[in-house]
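These are the residues of each chain, in order.
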Amino acid sequence: MEDLLGADGRASEYMNQAVELVMTYAPKVLLAIVTLIIGMWLINRFVRLMDAKLGKKDPTLNKFLCGLIGAILKILLLISVASMVGIATTSFVAIIGAAGLAVGLALQGSLGNFAGGVLILMFKPFKVGDVIEAQGYLGSVVEISILYTIVNTFDNRRVVIPNGDLSNSSLTNLSAYETRRCDMSFGIGYNDDIDKAKSICKRLIEEDERALKDPAPLVVVGGLGESSVDLTVRVWAKSGDVWPFYWDMQERVKKAFDAEGISIPFPQRDVHMYKSE
C-alpha cells in the first residue's frame, strides 16, 4: 500500500514538474517560433527588395550582396531566437564558431571561391553582361554569385565557373572596350595582280557601314607563303559587330575575287606515274 502511495506521489510530482516546465517554456518557445517565422519573412522580403533596387544599378554586385546579407541576417536571427528560448548566447556563438572552423577546414575550396568572388567585385575585371573567355569557355556572364560565376556560351550551354579559378588565372574580357580590331588574311596566287586584290578588299570595306573609318582600315601584304601571297586585312568595328563583319567579309571577298579573276590558291599535289618496261 505504501509502495502504491509512493508511486502515486512521484507521478504527481513529475506531473507538476512537467506542467511547470510547460508553463515556463511554452510561451518562450511559441514566441521564438513566431519570431523565427516573421523574421524569415522580413529577411526574405528585405533581400527581394534590395535585389529589385540594386539590380537596376549594379547587377554584378547585386546577387553577391543579396546572398551574403541574407545569410548574415539569418544567422543573427537564429542566435536571437536561441537566446529567447533560454540558450546561452555565448555558448551558442562558441558552438557556431567551432562549427564554422570545422566547416572552413573542410571547405577550403569554397572559402577560396568566396574570396575570389570578393576580389572580382572589388577589382571588377568583368561584370554581368560582358563576354569573357576563361577556363576554356567563351560566353556571356549572366550571374556572379558568392561562390560561382555563371556563363552562357553562344551555343546555349550554361557553364558554372568557381570564382577562385577566375580570380587566380588569366581571362579575356571581350566587352571591355566599345571597339575591337578584326584581323583577316586572304591568300592570292603569285601570278595575280596584288594592287587589284588590295583595291577589291578596300572597296568591300568601304561599302560596309560596320567598318569604322577611324582608325583607318589596313590592307597590306602580310607574307609570302609557299603557294600564295597573303594579304593582311585589319579593320576596326564595334565589339558586337566584329564576328558578323568577319563572316560576311569571308564570303564577299571570295565572291569578289572569283568575279574579278583573282585566284585563291589551295594545296595541290602533282602525281607523276611512270610505266616500267
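Residues numbered from 1 in each chain as written. Predicted model: local features only at pLDDT ≥ 70, side-chain atom pairs only at ≥ 80, totals over all residues. Heavy atoms only, no water.

> Mind showing me how you'd approach helix α6 (residues 194-207) here?
Count 3.6 residues to each turn of an α-helix, and residues three or four apart come out pointing the same way. If you check α6, its first and last C-alpha atoms are 20 Å apart, about what 14 residues at 1.5 Å a residue would give, namely 20 Å. Check the buried side of α6 and you find it contacts β6 (179-188), β7 (218-224), β8 (229-238) and α7 (242-260). Among the residues of α6, the N-terminal cap falls to aspartate 193, whose side-chain oxygen and the backbone nitrogen of aspartate 195 are separated by 3.1 Å. (Helix = DSSP H or I, 4+ residues; strand = E, 2+ residues; numbered from the N terminus. Expected span 1.5 Å × (residues − 1). Contact = heavy atoms within 4.5 Å. Polar contact = N/O pair within 3.5 Å; in protein donor to acceptor, adjacent residues only side chain to side chain.)

> I keep staring at the sheet that holds β6 and nothing clicks. Help me out?
Spatial strand order, β6-β8-β7: three strands in an open sheet with antiparallel pairing. Bordering the open sheet on either side are β6 and β7, each of which pairs with just one other strand. The mean angle between the axes of side-by-side strands here comes to 25°, regardless of whether they run parallel or antiparallel. Sheet strands touched by α6: β6, β7 and β8. Its angle to β8, the strand with the most contacts, is close to 15°. (Pairing = 2+ DSSP bridges. Axes fitted to C-alpha atoms, helices over the stretch in contact; angles between N-to-C directions.)

> In this structure, what is going on with the packing of aromatic side chains? I would like to understand it.
What describes a pair of aromatic rings is the distance from one ring centre to the other and the angle between the planes of the rings. By the definition in use, this model includes two aromatic pairs. An aromatic cluster is defined as three or more aromatic residues linked by ring pairs; in this entry it consists of Trp243, Tyr246 and Trp247. (Phe/Tyr/Trp six-rings, centres within 6.5 Å; stacked < 30°, edge-to-face > 60°.)

> Just checking my understanding: could you explain the side chain of threonine 153 for this structure?
Mapped onto the fold, threonine 153 is located in strand β3 (residues 148-153). Classification of threonine 153 by relative accessible area gives buried; the value is 8%. Separated by 2.4 Å, the side chains of threonine 153 and aspartate 155 make a polar contact. (Buried < 20%, exposed > 50% of the residue type's maximum accessible area, 1.4 Å probe, protein only.)

These values are about where atoms sit, not about what they do.
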